[in-house]
Amino acid sequence: LTRSTAAMAGSKQLSRFWEWGRNIVCVGRNYAEHAKEMGSALPAEPLFFLKPSSAYVREGSPILRPYYCRNLHHEVELGVVIGRRARAVPEAEAMEHVAGYALCLDMTARDTQEECKKKGLPWTLAKGFASSCPVSDFVPKEKIPDPHKLQIWLKVNGKLRQEGDTSSMIFSIPYLISYISHVFPLEEGDLILTGSPKGVGSVEANDEIEAGIRDVVSMRFKVAHEF
Ligand SMILES: O=C([O-])CC(=O)C(=O)O
Ligand SMILES: [Mg+2]
């Protein structure tokens, strides 16, 4: 599939900003209660890691548990889509580089992540596997006047597991964009996952995950095993 046909498959509404094949930058420990449930200290500066662009998955395709994982976790996160290249931008100008938002899942092989933490290894196996980044339709920024006033939620088989308010982020969206853009340029179409609120937990094959930004967008995914 070319990038554009892949993007059209399974997508209802696409903007030119919303294509597969862009960088996925994930922020971790950005909600105090999630850091606490993981037994992690609060970060003094943003913690971030990358997923490969081939980790994207859209509604209609399953989330696959990788073969080495015995404990696949959901993390629901607000995604920020970059609309204009950002290189070393000040916080005050950061929002001018945003095109819009998406609801995202930071699917995590939690057992693998625990092993990586113990051994001091990178999190790529735990966070960057195929289908580890389910994404909703693109939401243009005009539809979200204040991204720090959103409720994000996630249900598994109809049961509420996560509910968080983006006002509880430790580092704000402009701070994150500015911070990351001083490390490497953010480019049009890049996606920043802003971290998970509390309530992360396991999913099994055949579970159905439904998640949304209240009153804005929602999405559904089935979980399957990779053999
Ligand atoms: O694995 C973790 O707990 C770090 C992370 O991605 C998050 O806080 O969203
Ligand atoms: Mg996360």
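Residues numbered from 1 in each chain as written. Chains lettered and ligands numbered in written order. Predicted model: local features only at pLDDT ≥ 70, side-chain atom pairs only at ≥ 80, totals over all residues. Heavy atoms only, no water.

As annotated in an unreviewed UniProt entry, the chain is Oxaloacetate tautomerase FAHD1, mitochondrial from Zosterops lateralis melanops. Recorded under Sequence similarities (unreviewed entry), the UniProt text for the chain is reproduced unchanged: "Belongs to the FAH family." (UniProt positions renumbered as here; feature names shortened; annotations may be inferred.)

Considering the nonpolar core
Ranked by size, the top nonpolar core spans 43 residues in total, and within it L105, I177 and I192 carry the most contacts. Residue assignment for this core shows that the elements contributing at least two residues are β1 (24-28), β6 (76-82), β7 (98-105), β11 (151-156), α5 (173-181), β15 (208-213) and β16 (217-225). For I177, the contacting residues outside a window of four places in its chain are V80, I82, V89, A94, V98, L186 and I192. By size, the runner-up hydrophobic cluster in this structure holds 16 residues, among which are C26, A55, V135 and F138. (Core = buried A, V, L, I, M, F, W, Y, C linked by side-chain atoms within 4.5 Å. Buried < 20%, exposed > 50% of the residue type's maximum accessible area, 1.4 Å probe, protein only. Helix = DSSP H or I, 4+ residues; strand = E, 2+ residues; numbered from the N terminus. Contact = heavy atoms within 4.5 Å.)

Let's talk about the pattern of salt bridges
Scanning the model with the defined rule gives 13 salt bridges in all. Among the salt bridges present, the one from E33 reaches K198, with a minimum N-O distance of 3.1 Å. Taken together, the positions of E33 in helix α2 (residues 32-37) and K198 in the loop between β13 (191-193) and β14 (201-203) put the pair 165 residues apart, joining distant regions of the chain. On the basis of relative accessibility, which here comes to 48%, the residue E33 falls in the partly exposed class. With its nearest N and O atoms 3.3 Å apart, the salt bridge here joins E75 to K127. On the criterion of sequence distance, the pair formed by E75 in the loop between β5 (72-74) and β6 and K127 in helix α4 (residues 124-127) is long-range, its members being 52 residues apart. The burial state of E75 is the same as that of K127; both residues are buried. (Salt bridge = Lys/Arg side-chain N within 4 Å of Asp/Glu carboxyl O.)

Focus on the coordination of the magnesium ion (ligand 2)
Protein coordination at the magnesium ion (ligand 2) comes from E75 (OE), E77 (OE) and D106 (OD), with a distance range of 2.0 to 2.1 Å. Motif for the magnesium ion (ligand 2), donor spacing along one chain: E-x1-E-x28-D. Each member of the pair, E75 together with E77, is buried. (Donors = N, O, S within 2.8 Å, 3.2 Å for Na, K, Ca; no water.)

Concerning the sheet that holds strand β4 (residues 63-65)
Taken together, five strands build an open sheet; the order of strands is β4-β16-β15-β11-β12 and the sheet is mixed. Across the chains shown, the open sheet's two edge strands, defined by having one partner strand only, are β4 and β12 (159-165). Going across the sheet, the axis of each strand differs from the next one's by a mean of 20 degrees, ignoring polarity. Note that β11 and β15 share five bridges and pair antiparallel. (Pairing = 2+ DSSP bridges. Axes fitted to C-alpha atoms, helices over the stretch in contact; angles between N-to-C directions.)

A look at the side chain of T108
Tracing the sequence through the fold places T108 in strand β8 (residues 108-109). Accessibility expressed as a relative area gives 0% for T108, which makes it buried.

Here we look at the site of ligand 1
Every one of the 14 residues lining ligand 1 counts as a neighbour, but R29, H34, D106, Q113 and K127 are closest to it. A distance of 2.7 Å separates an oxygen atom of ligand 1 from a polar atom in the side chain of H34. In this structure, R110 approaches ligand 1 through a side-chain N or O atom, which is 3.1 Å from an oxygen atom. Protein chains shield 99% of the accessible area of ligand 1, which is 270 Å² for the free molecule. (Near = heavy atom within 4 Å. Polar contact = N/O pair within 3.5 Å; in protein donor to acceptor, adjacent residues only side chain to side chain. Areas by Shrake-Rupley, 256 points an atom, 1.4 Å probe, with all protein chains shown as cover.)

A word on α5
Where burial is concerned, most of α5 is hidden: seven out of the nine residues are buried. Among all positions of α5, only I173, P174, L176, I177, S178, I180 and S181 are buried. Where α5 is buried, its residues contact β1, β2 (47-51), β6, β7 and β13.

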